[in-house]
Amino acid sequence: DPPALLYLKGRRELIRRPAIAIVGSRNATPVGNQNAEAFARAFSDAGLTVVSGLAMGIDASAHKGALLGQGSSIAVVGTGLDLVYPARNKALAHEMAERGLLVSEFSLGTPALSSNFPRRNRIISGISKGVLVVEAALASGSLITARLAGEQGRDGFAIPGSIHSPFSKGCHLLI
């Protein structure tokens, strides 16, 4: 289900580079955020572009970690490129537009609608060689991205966590 077209803002050449997606919970634990940032930086230093969705939590930590490394990051968003959602990530979105790449299939002015985010997830997995799920509850959108990655023939990875944490249950299911 490829998009008819993609809107790009930033370093367009990144769309053609080898990439890995890092996704996970918006309500991430401190350890989850640390893991996302550390893995993203390691991937970036290894020459991979890190792809995520600019959401709070794991996504934001993945983008930040990738920008700390030698490579860069792509944010696939569920709005038009003239809007930032969540607003709390405005500074990160501006940094991504300068040092990374913002991608959307939605035209300018498209607001953040709940139906846009599962659609966005297929692009996250589609432009990546694989998807790493850092933290995910059983009802997480990250599991949608992992399922789509499998359907697209991409590799899937998950970081295990505490057997007591609801934020690890989705990762454990994937494993």
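Before any of the text, the structure's been laid out above.
In short, a report on the structure.

What to know about the nonpolar core
Ranked by size, the top nonpolar core spans 19 residues in total, and within it Val51, Ile74, Val76, Ile124, Val131 and Val133 carry the most contacts. Breaking this core down by element, the ones donating at least two residues are strand S2 (19-23), strand S4 (73-76), strand S5 (101-104), helix H4 (116-126), strand S6 (130-133) and helix H5 (141-151). In contact with isoleucine 74, not counting residues within four places along its chain, are Leu14, Ile15, Thr49, Val50, Val51, Ser52, His63, Met96, Leu101, Val103 and Ile127. Counting 13 residues, the second largest nonpolar core, distinct from the first, contains Ile58, Ala62, Leu132 and Ile159.

Some points on the pattern of salt bridges
Within the structure shown, the criterion is met by seven salt bridges. Glutamate 105 is the partner of arginine 119 in a salt bridge, and the nearest nitrogen-oxygen pair spans 3.1 Å. Taken together, the residues arginine 119 in helix H4 and glutamate 105 in the loop between S5 and H4 connect sequence positions 14 residues apart. Residue classification places arginine 119 among the partly exposed positions, given a relative accessible area of 40%.

Describing H4
With eight of eleven residues buried, H4 lies mostly within the body of the structure. Among all positions in H4, only Asn116, Phe117, Arg120, Asn121, Arg122, Ile123, Ile124 and Ser125 are buried.

Remarks on the packing of aromatic side chains
In the structure shown here, the tally under the stated rule is two aromatic pairs. Both rings, one in tyrosine 85 and one in phenylalanine 117, keep their centres 5.7 Å apart while their planes meet at 45 degrees; by these two values the pair is tilted. Of the two residues, tyrosine 85 is situated in the loop between S4 and helix H3 (90-99) and phenylalanine 117 in helix H4; the sequence distance between them amounts to 32 residues. Classification of tyrosine 85 as partly exposed rests on a relative accessible area of 46%. The exposure class of phenylalanine 117 is buried, given its relative accessible area of 17%.

Structural notes on unusual backbone geometry
Look at the link from tyrosine 85 to proline 86: it is a cis peptide, with omega at -5 degrees. Relative to the elements of secondary structure, proline 86 occurs in the loop between S4 and H3. If you check the backbone angles, leucine 54 has positive phi at about 65 degrees while not being a glycine. If you trace the backbone, leucine 54 turns up in the loop between strand S3 (49-52) and helix H2 (58-68). Taking the relative accessible area as the measure of exposure, leucine 54 reaches 2% and is therefore buried.

Here is what the cut-offs are and how they apply
Residues numbered from 1 in each chain as written. Predicted model: local features only at pLDDT ≥ 70, side-chain atom pairs only at ≥ 80, totals over all residues. Heavy atoms only, no water. Core = buried A, V, L, I, M, F, W, Y, C linked by side-chain atoms within 4.5 Å. Buried < 20%, exposed > 50% of the residue type's maximum accessible area, 1.4 Å probe, protein only. Helix = DSSP H or I, 4+ residues; strand = E, 2+ residues; numbered from the N terminus. Contact = heavy atoms within 4.5 Å. Salt bridge = Lys/Arg side-chain N within 4 Å of Asp/Glu carboxyl O. Phe/Tyr/Trp six-rings, centres within 6.5 Å; stacked < 30°, edge-to-face > 60°.

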